[in-house]
Amino acid sequence: MPPMISRQTFLRGAVGALATSALFGPLRAGADPGSGWAGLASSIGGRVLLPDGGSFAAGKQIFNSLYNGSNPAAVVTVTSQADVEKAVAFAAANKLKIAARGGGHSYIGASAAAGAMVIDLRGLTGGVNFDSATGNVTMPAGTELYAVHQVLAGAGRAVPTGSCPTVGVGGLTLGGGMGADSRHAGLTCDALKSATVVLPSGQTVTASADDHPDLFWALRGGGGGNFGVTTSMTFATFPTADSDVVRVDFTPSSAARVLTGWQTWLAAADRNTWGLVDMSVGGPQANCHVLATCPAGSGPGVADAIKSAVGVQSTGVEHKTLSHMDLVMYLAGGSSTSSPRGFVAGSDVIGTVNSAAAQAIVAALGKWPPASGRASVIVDTLSGAVGDIDPAGSAFPWRRQSAVAQWYVETPNSAQAAAANNWLSAAHQAVQQFSVGAYVNYLEPNIAPSRYFGSNLSRLTEIRQRYDPGRLMYSGLNF
């Protein structure tokens, strides 16, 4: 049977809305750098890809293929910290917006923004380095998640991450970072110990709890690419063990009961147990299931607890015992890679998943026209260790809410993209009464920053003004 949650391959940081240059507006302000590009190219170890060059079309492409038509001013591929510093200085001198690219999974294609200088961090050297004495791991910010897990597996350690294997650790962390370890280990940003950042001023700083603590606060959930170009990150790790993974299927007609039962079950579950609800309509078959992970050997009991809490007959139960790396592969859809595709998506943070909220989520999914293909909503938990940090203790504000609903449609053509955007708007409206905001790693175009940061927005705005007063950095957010 195919992996139970293959959609997670692209849902952990990979979705967006229909691409048009108008989305980004006139990002470039100032004189044409002209022949200055050649000077930059000769001064760095990486490359400068320009629109009239043969490598530009490939170099500007990102995960969401809806944005492949966007035209940045240049793509600068860097190989060192010095390369980044020179590129930032060049952008500042020429008044070019900077779009930092790690894994290239921005929902709205921010790292291919029209008119911006894209600094592609994936060529940064240094690798993933685990320090057995401290239990910390340090890596370039463009490192893909699978590579992080692969290196740490040899030490029996891990960092809490999402599941898409090609998401960059930098972007994931800067926006928060939810995943199957979040109930016991917190968000990815909660494991961050320090980060090296090239500021728009040209200064390179290390932000930590003791050094530039205001910047460190902002980097933990304040969104990717808002304060400078983050080049390196150090994280705390946790020990891994074998896990059980459980899938319990239910009829789609019982979806609201499944959501409330899932919430009831998690409220009483051990923190080493995690689960989400995955629902879809359209396509060959509607779907509704709970996917859970738990300590090895506890799977059958977890399946029974889920069925009891939901209170309706399940249509199937599957159970596997996996090593940590096998679990990583399983949640990634069975592959260490993920292919680009076009899609439209967004999110709602749900304050409390009660019966009324559950019915609204199901009703929102039901607004999708089945003839237009397949649409999904994945409801992820914010419970457990996520709530151990005060909402004002980091930039990530959603520490006292129940869940994040992720709306997703794959859109291989423009007609489906248009239908998906209409549905996404309708879904937001349907759950508006229960939604308190949205998750910044699932960024949508033209959404007020307050929706992503809530009460933390004013402090974030002050920090942005302090570190990027000229607003050189571009992330798709305007604050």
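Residues numbered from 1 in each chain as written. Predicted model: local features only at pLDDT ≥ 70, side-chain atom pairs only at ≥ 80, totals over all residues. Heavy atoms only, no water.

Caption draft 1: How the structure looks around the overall build of the protein. Scanning the protein from N- to C-terminus turns up 16 helices and 19 strands. On C-alpha atoms alone, the protein measures out to a radius of gyration of 21 Å, which is about the 23 Å that the 2.2 N^0.38 rule sets for 479 residues. Split into buried and exposed, the 479 residues of the protein put 58% on the buried side. Considering only residue pairs separated by 6 or more positions, the protein has 76% of its internal contacts joining residues 24 or more positions apart. Of the roughly 16,600 Å² of accessible surface on the protein, 51% is carried by carbon and sulfur atoms. Placing the 29 positive and 28 negative side-chain charges of the protein at their respective mean positions leaves the two points 5 Å apart. (Helix = DSSP H or I, 4+ residues; strand = E, 2+ residues; numbered from the N terminus. Rg over C-alpha atoms; globule rule 2.2 N^0.38 Å. Buried < 20%, exposed > 50% of the residue type's maximum accessible area, 1.4 Å probe, protein only. Contact = heavy atoms within 4.5 Å. Areas by Shrake-Rupley, 256 points an atom, 1.4 Å probe, with all protein chains shown as cover. Lys, Arg positive; Asp, Glu negative; His and termini not counted. Charge placed at Lys NZ, Arg CZ, Asp CG, Glu CD.)

Caption draft 2: Region of the structure containing the sheet that holds strand β1 (residues 47–49). Taken in spatial order, the four strands line up as β1-β2-β4-β3 in an open sheet, and their pairing is mixed. At either margin of the open sheet sits one strand with a lone partner, and together these are β1 and β3 (98–101). In this sheet, adjacent strand axes meet at a mean angle of 20° when their direction is disregarded. When strand β2 (residues 74–77) meets strand β4 (residues 117–120), the two strands line up parallel, connected through four bridges. Among the inter-strand pairings, V76 is bridged to a residue of β4, identified as I119. Helix α3 (residues 36–43) contacts β1, β2 and β4 of the sheet and is inclined by roughly 150° relative to β1. Lying over the sheet, helix α5 (residues 81–93) contacts β2, β3 and β4, oriented at roughly 175° with respect to β4. (Pairing = 2+ DSSP bridges. Axes fitted to C-alpha atoms, helices over the stretch in contact; angles between N-to-C directions.)

Caption draft 3: Representation of the confidence of the model for the protein within the structure. Across the protein, the average pLDDT comes to 92, with 93% of residues at or above 70. Of the regions scoring below 50 in pLDDT, residues 1–31 engages in 127 contacts with residues more than four places distant in sequence or in other chains. (pLDDT = per-residue confidence, 0-100.)

Caption draft 4: Highlighting empty space enclosed by the protein. By the definition in use, this model includes five cavities of 30 Å³ or more. In this structure, the largest cavity spans a volume of roughly 570 Å³. Along the walls of the largest cavity sit 36 residues, with S106, G171, L172, G224 and N441 positioned nearest its centre. Sorting the residues of the lining of the largest cavity by element identifies β3 and α7 (169–175) as the ones contributing at least two each. Counting residues per element, the lining of the largest cavity draws most heavily on α7, which supplies four residues. Here the residues of the lining of the largest cavity are counted per class, giving 16 nonpolar, 18 polar and two charged. Each pocket or cavity is described by its volume, and for the second largest cavity that value is around 110 Å³. Top element by residues in the lining of the second largest cavity is helix α12 (residues 324–331). It accounts for four residues. When the residues that make up the lining of the second largest cavity are grouped by side-chain class, the tally is four nonpolar, five polar and one charged. (1 Å grid on protein atoms, 1.4 Å probe; cavity = no way out; pocket = protein on both sides within 12 Å on 5 of 7 lines; lining within 4 Å. Points joined across faces, edges and corners; volume = space filled by probe spheres on them. Nonpolar A, V, L, I, M, F, W, Y, C, P; charged D, E, K, R; others polar.)

Caption draft 5: Layout of unusual backbone geometry. Not every positive phi belongs to a glycine, and K95 is a case in point at roughly 55°. Within the fold, K95 resides in the loop between α5 and β3. Residue classification places K95 among the exposed positions, given a relative accessible area of 53%.

Caption draft 6: Layout of the packing of aromatic side chains. On inspection of all chains with the given rule, the structure shows 10 aromatic pairs. Ring geometry for F343 against Y408: centres 5.9 Å apart, planes inclined by 40°, an arrangement best described as tilted. On the criterion of sequence distance, the pair formed by F343 in strand β16 (residues 343–350) and Y408 in strand β18 (residues 403–410) is long-range, its members being 65 residues apart. One exposure class covers both F343 and Y408, and it is buried. By the ring-pair criterion, three or more aromatic residues cluster together here, those being Y107, F396, Y439 and Y442. (Phe/Tyr/Trp six-rings, centres within 6.5 Å; stacked < 30°, edge-to-face > 60°.)

Caption draft 7: Looking closely at the side chain of R101. Secondary-structure assignment places R101 in strand β3. Of the polar contacts made by the side chain of R101, one reaches the backbone oxygen of K60; its length is 3.2 Å. Ignoring any residue separated from it by four or fewer positions in sequence, one finds R101 in contact with G59, K60, Q61, I62, V75, S111, A112, V118, I119, D120, L121 and R122. (Polar contact = N/O pair within 3.5 Å; in protein donor to acceptor, adjacent residues only side chain to side chain.)

Caption draft 8: Structural detail: the domain arrangement of the protein. Split by domain assignment, the protein resolves into domain 1 (35–120), domain 2 (129–239 + 455–468) and domain 3 (243–446). Here the C-alpha centroids of domain 2 and domain 3 sit 24 Å apart. Overall, the association of domain 2 and domain 3 removes approximately 2,700 Å² of surface from exposure, summing both partners, and the carbon and sulfur fraction of that is 59%. One can count one salt bridge joining domain 2 with domain 3. Between R399 and D190 there is a salt bridge; the shortest N-O distance is 2.7 Å. Our enumeration of links across domain 2 and domain 3 arrives at 20 residue pairs in polar contact (both at pLDDT 80 or more). Of all the secondary structure elements, the ones that give two or more residues to the side of domain 2 that touches domain 3 are α6 (145–153), α7, α8 (182–185), α9 (213–219) and α16 (457–467). Among the residues making up the side of domain 2 that touches domain 3, the classes are represented as 14 nonpolar, 16 polar and five charged. (Domains from an automatic or database assignment. Buried area = accessible area lost by both parts, 1.4 Å probe. Salt bridge = Lys/Arg side-chain N within 4 Å of Asp/Glu carboxyl O.)

Caption draft 9: Region of the structure containing the pattern of salt bridges. What the rule picks out here adds up to nine salt bridges. With a closest N to O distance of 2.3 Å, R466 and D214 form a salt bridge. Taken together, the residues span a long stretch of sequence, with R466 in helix α16 and D214 in helix α9 at a distance of 252 residues. Through salt bridges that share partners, R101, D120 and R122 make up one connected network.

Caption draft 10: Expanded view of the UniProt feature "domain: FAD-binding PCMH-type" (unreviewed entry) in the protein. Mapped onto the present numbering, the UniProt feature "domain: FAD-binding PCMH-type" (unreviewed entry) falls on residues 68–240. Note that residues 68–240 is 23% helix and 25% strand, and that its end C-alpha atoms are spaced 38 Å apart. (UniProt positions renumbered as here; feature names shortened; annotations may be inferred.)

Caption draft 11: How the structure looks around the sheet that holds β16. Judged by pairing direction, the sheet is antiparallel, and its eight strands sit side by side in the order β15-β12-β14-β13-β17-β18-β16-β19 without closing on themselves. The sheet is open, and its two edges are formed by β15 (316–322) and β19 (435–437), each paired on a single side. When the angles between neighbouring strand axes are averaged without regard to direction, this sheet yields 25°. Bridge count for β16 against β19 is two bridges, and the pairing is antiparallel.

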